[in-house]
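Now for the letters of each chain:
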Amino acid sequence: MAEPYGAVAIIGWGSLIWDLELLAPHVRQPWMHRAGPVLPMEFTRISPKRMGALAVCLDQTHGVTCDTCVIQSTRGDLMEAREDLARRERTPAGNIGAVCTKTHFSAGRPQIAWLVMQWCMHSPYAGAVWTDIGPNFAQSQGEEFSVAGGLAYLKSLKGESLDSAVRYIKLAPVSTDTHLRLALRDDPWWQDQCERLGLS
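Residues numbered from 1 in each chain as written. Predicted model: local features only at pLDDT ≥ 70, side-chain atom pairs only at ≥ 80, totals over all residues. Heavy atoms only, no water.

### A short note on the side chain of Arg-181
- Assignment of secondary structure puts Arg-181 in helix 6 (residues 179-185).
- Buried within the structure, Arg-181 lacks any salt-bridge partner; its nearest side chain of opposite charge belongs to Asp-177, at an N-O separation of 5.7 Å. (Helix = DSSP H or I, 4+ residues; strand = E, 2+ residues; numbered from the N terminus. Buried < 20%, exposed > 50% of the residue type's maximum accessible area, 1.4 Å probe, protein only. Lys, Arg positive; Asp, Glu negative; His and termini not counted. Salt bridge = Lys/Arg side-chain N within 4 Å of Asp/Glu carboxyl O.)

### Some points on the environment of Lys-102
- Mapped onto the elements, Lys-102 comes out in the loop between strand 7 (96-100) and strand 8 (106-107).
- A relative accessible area of 51% means that Lys-102 is categorised as exposed.
- Sequence separation between Lys-102 and Gly-6 is 96 residues, and the spatial gap between their C-alpha atoms is 8.4 Å.

### Digging into helix 2 (residues 110-121)
- With 12 residues, helix 2 extends 16 Å from end C-alpha to end C-alpha; this agrees with the ideal 16 Å at 1.5 Å per step.
- Along helix 2, the residues that are buried comprise Ile-112, Ala-113, Val-116, Met-117, Trp-119 and Cys-120. Down the axis of helix 2, the smallest arc covering the buried residues is 160 degrees, so these residues share one side. Structural note: helix 2 exposes Pro-110, Gln-111, Trp-114 and Met-121 on the side pointing more than 90 degrees away from its buried face. (Expected span 1.5 Å × (residues − 1). Arc of directions from axis to C-beta.)

Quick look at the structure:
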């Protein structure tokens, strides 16, 4: 099949790395770690899909720049690659960022899209797609995110919600090294939770 756009990269930094799920038939494995653009991220999204766990997302206000991972889509069409990722994320395509160096197409938050476009221009890829769902901690909790607030929120979780949150943060790639994750490393409560779930 002809590739009108050229090779398309899928950029990841969270659960996509260990759980491609619906995306699995549409990628050329394996993931290349620390090969993607450096983007600002933090665990500032409360995820309904994960029973209220804190999920990592691109956050231009509270995020710290982290390396990302890259896997190639089997699609030669940027819009098809975008739809594939949207299905996996169970979100409208409008929440999936996309850029193409050949057509100069750009979708998503402008500053993030600019960073990805610059990366694409110096990579083997003609385009890229990524999940561009932003933070919602402030809207959900009625206060701006802080590391202390994130820790307090995690400690308020119970049962399966807590287990989901611990697994998600623990399984995130090493390169997803945010302020919250750094604080958790030295927290005895967090260490106990990881040990309880066999994730030490």
